[in-house]
Amino acid sequence: MKIIIASMSLILLVIGYLYFFNGYKSAFEADQQCHYELRLKSDELEGLGCDHDLETNQWILYQKGINDKPSQVIERYRY
């Protein structure tokens with residue numbers, strides 16, 4: 001039983017580390033990465049854009065929707 005609790009605690013610790021410490025350190029870094037990827041992927045995909053989401057503290061690389069369809073998120077840059 002103690003081994004199960006210890007292993008579950010370790011798994012939760014690793015997941016917490018990956019979630020909280022795997023992002024960018026500032027909005028500036030996330031912005032720069034989003035616009036860099038925008039320039040790289042603009043040859044492959046049309047209608048790309050970067051937008052800042054203040055509620056979730058992330059920059060979003062998205063492809064604009066065509067024919068009244070919603071935009072599609074390509075990648076998120078969390079800070």
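Q: Just to check I follow, could you spell out the pattern of salt bridges for this structure?
A: Two side chains bearing opposite charge may form a pair once their charged atoms approach each other closely. Considering all chains together, one arrives at 2 salt bridges under this definition. For Glu37, the salt bridge goes to Lys41, with nearest N and O atoms at 3.9 Å. Taken together, the positions of Glu37 and Lys41, both in helix α2 (residues 27-41) and 4 residues apart, correspond to about one turn of that helix. Of the charged contacts in the structure, one is a salt bridge between Lys41 and Glu75, with a shortest N-O distance of 3.5 Å.

Q: Please clarify how unusual backbone geometry should be interpreted in this entry.
A: Residues apart from glycine generally show negative phi values, whereas peptide bonds are mostly found in trans. Despite not being glycine, Asn67 shows a phi value in the positive range, around 60°. Summarising the element assignment, Asn67 is placed in the loop between β2 (58-63) and β3 (72-78). Take Asn67: its relative accessible area is 69%, and that puts it in the exposed class. The phi dihedral of Asp68 is positive, around 65°, even though this residue is not glycine.

Q: Whenever I open this one, the nonpolar core confuses me. Can you help?
A: Soluble globular proteins tend to bury their nonpolar side chains together. Counting 8 residues, the largest nonpolar core consists of Ala30, Cys34, Leu38, Leu48, Cys50, Trp59, Leu61 and Tyr77. Listed by contribution, the elements that provide at least two residues to this core are α2, β1 (48-53) and β2. It is α2 that provides the largest number of residues to this core, a total of 3 residues. Once residues within four sequence positions are removed from consideration, Leu38 is found in contact with Leu48, Gly49, Cys50 and Leu61.

Thresholds applied
Residues numbered from 1 in each chain as written. Predicted model: local features only at pLDDT ≥ 70, side-chain atom pairs only at ≥ 80, totals over all residues. Heavy atoms only, no water. Salt bridge = Lys/Arg side-chain N within 4 Å of Asp/Glu carboxyl O. Helix = DSSP H or I, 4+ residues; strand = E, 2+ residues; numbered from the N terminus. Buried < 20%, exposed > 50% of the residue type's maximum accessible area, 1.4 Å probe, protein only. Core = buried A, V, L, I, M, F, W, Y, C linked by side-chain atoms within 4.5 Å. Contact = heavy atoms within 4.5 Å.

Distances and angles like these do not, on their own, reveal function.
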